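As a plain string of letters, each chain reads:
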Number of protein chains: 2
Amino acid sequence: MIEYNPAAARYYQEVSEQCIHYLSIDGVIFGFHQNQLKVLLLRWKGTEEWSLPGGFIRKAESVDVAAQRIMQERTGLNELYLHQFHVFGEAVRYNQEETWRKINLPIQGVNWSERTISLGYYALVDHSKVVPTPDFLTEECRWWSLDQIPALLFDHNYIINVALASLRKQLNDQPINHLLPEAFTIPELQRLHETILGYPLDARNFYKKTMASGSLERLSERRAGTPHKAPYLYRFNLRPFA
Amino acid sequence: MIEYNPAAARYYQEVSEQCIHYLSIDGVIFGFHQNQLKVLLLRWKGTEEWSLPGGFIRKAESVDVAAQRIMQERTGLNELYLHQFHVFGEAVRYNQEETWRKINLPIQGVNWSERTISLGYYALVDHSKVVPTPDFLTEECRWWSLDQIPALLFDHNYIINVALASLRKQLNDQPINHLLPEAFTIPELQRLHETILGYPLDARNFYKKTMASGSLERLSERRAGTPHKAPYLYRFNLRPFA
């Protein structure tokens, strides 16, 4: 039997009273670190069970504001770049009985809906700026490489797959600069594209196409500490051209 | 005072008991007719007020199934092509008091939520196959050209704008063949692209690009009854190439 602290029980009582039943938000928070695409996962108290960060919408709160609040609490970041990518609305999304048994949720006696429709958001964040922070129900929050993610609670493996497919499809429409530090080299940007797409790109074509887009600005500094000739640093030029 | 029939009052009572509060579905049903992109709108009983078709999700019903059911009721079509394009989740989406006054909804005494989060779907349909059908609360259902749409109830003008922007952005990812009859000419297909995009395309480039895509199959018939040399008919070849 897992011991939840009184704060957790109070949290669920408050959610039941203050939030919209039948609806939840799940967040796939993407970060890029050591040439790997990672997502932030939470480990539930007293278990080896992991899930995505998530939460609920207050009765008078905008859905996008709720998503910002939830992701902010797990990352410490203000004004994250968020994209609402899919509604997970199947009548039966996962085996509830099995899931509750695994995590022994302290929701006995709490009035809640029999199913939850989840609004899926992904966030693109600068990995180095995130302070992973668990919530009332969890005791560990950390990054997992996409290729090492364990079997997750709920339908969260599926949600990550749909988020990644959506990001791939919209790669050129999404501001993926949010995944990089402000200054980066062209090979680092190429590696990010390759990691999202899952296949290698031709370096010369990538360089030409990227330069032709007019979206990059070359800085005067170069990347120090590399074995070869130090490559130039760039940053995204987000101002539109006059 | 508008007189609603007992079926309408019963409908709202049932919705309150059987459907998920706080959530609705709104549908932007796109059709293509006489070189114009059109949407299906409903006129509310005893008024000159128009809105999009919409409805609610039953407590044990998948969201996508609910969307199919609602759009099917308004069009007579089975298995419509639907795409969930945006969640309209602002805390205040429109002036409720003003809106209820305009349509005098028969929901006095019905237990319902103070706001509604709307899941926006667009449908791509063959205009010639649709039988526009009003619901309990409306007395007219018909096509409107996008450039002639009046001021609509709720935030429905905004919803149409977001749907159109989404369709434009995803034009090459969406099966827009659903907007055409099975057999069409290349100029007809070009006109559809131009109408969605809102600007003209070069005919030679369009022809070359379309042929290069390998997605069309030329039929043995030609379009009869045209003043010039009868153009070939094509259809989408949806089978993947071996």
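The coordinates are above.
Now for a quick tour of the structure. Since the structure is predicted, the reported quantities are computational estimates derived from the model, not experimental observations.

### Some thoughts on the pattern of salt bridges
Consideration 1: Counted by the stated rule, this structure contains 26 salt bridges over all chains.
Consideration 2: Among the ionic pairs, Arg 69 of chain B bridges to Glu 61 of chain B, the shortest N-O distance being 2.8 Å.
Consideration 3: Overall, Glu 61 of chain B belongs to the buried group, its relative accessible area being 8%.
Consideration 4: Residue Arg 223 of chain B is joined to Glu 188 of chain B by a salt bridge in which the shortest nitrogen-to-oxygen separation is 2.9 Å. One end of the pair, Arg 223 of chain B, is in the loop between strand 8 (216-222) and strand 9 (232-236); the other, Glu 188 of chain B, is in helix 5 (residues 186-197), with 35 residues separating them in the sequence.
Consideration 5: Residue Arg 223 of chain B is classed as partly exposed on the basis of its relative accessible area of 24%.
Consideration 6: Salt bridges sharing partners connect three or more residues here, namely Arg 43, Glu 139, Glu 140 and Arg 142 of chain A.

### Points about the relation of the copies chain A and chain B
Consideration 1: With an axial shift of 0.0 Å and an RMSD of 0.0 Å, the rotation relating chain A to chain B amounts to 180°. As the rotation angle and translation indicate, the two copies are arranged about a two-fold axis.

### Description of the side chain of Ser 118 of chain A
All names here are of chain A.
Consideration 1: For Ser 118, the position within the fold is in strand 6 (residues 117-124).
Consideration 2: Within the local environment of Ser 118, its side chain forms a polar contact with the side chain of Asp 26, the two groups lying 2.6 Å apart.
Consideration 3: Residue contacts for Ser 118: discarding those within four places in its chain leaves Ser 24, Ile 25, Asp 26, His 86, Val 87, Phe 88 and Arg 93.

### Topic: the state of the cysteines
The term disulfide refers to a covalent linkage connecting the sulfur atoms of a pair of cysteines.
Consideration 1: Counted by the stated rule, this structure contains zero disulfides over all chains.
Consideration 2: Between Cys 19 of chain B, a cysteine without a disulfide, and Cys 141 of chain B, which holds the nearest cysteine sulfur, the sulfur-to-sulfur distance is 20 Å.

### Some thoughts on the pairing of strand 1 (residues 23-33) of chain A
All names here are of chain A.
Consideration 1: Burial analysis of strand 1 places 10 of its 11 residues in the buried class, which makes it a mostly covered element.
Consideration 2: Pairing between strand 1 and strand 6: eight bridges, direction parallel. Looking across to strand 6, one finds that Val 28 is bridged to Tyr 122.
Consideration 3: As defined by bridge partners, strand 1 adjoins strand 2 (residues 36-44) across four bridges and the pair is classed as antiparallel. For Phe 32, the partnering residue across the bridge sits in strand 2 and is Leu 37.
Consideration 4: Between strand 1 and strand 2, which pair antiparallel one after the other, the connecting turn spans two residues, and Gln 34 there sits at a positive phi close to 50°.

What counts, and at which threshold
Residues numbered from 1 in each chain as written. Chains lettered and ligands numbered in written order. Predicted model: local features only at pLDDT ≥ 70, side-chain atom pairs only at ≥ 80, totals over all residues. Heavy atoms only, no water. Salt bridge = Lys/Arg side-chain N within 4 Å of Asp/Glu carboxyl O. Buried < 20%, exposed > 50% of the residue type's maximum accessible area, 1.4 Å probe, protein only. Helix = DSSP H or I, 4+ residues; strand = E, 2+ residues; numbered from the N terminus. Least-squares fit on C-alpha atoms with pLDDT ≥ 70 in both. Polar contact = N/O pair within 3.5 Å; in protein donor to acceptor, adjacent residues only side chain to side chain. Contact = heavy atoms within 4.5 Å. Disulfide = S-S within 2.5 Å. Pairing = 2+ DSSP bridges.

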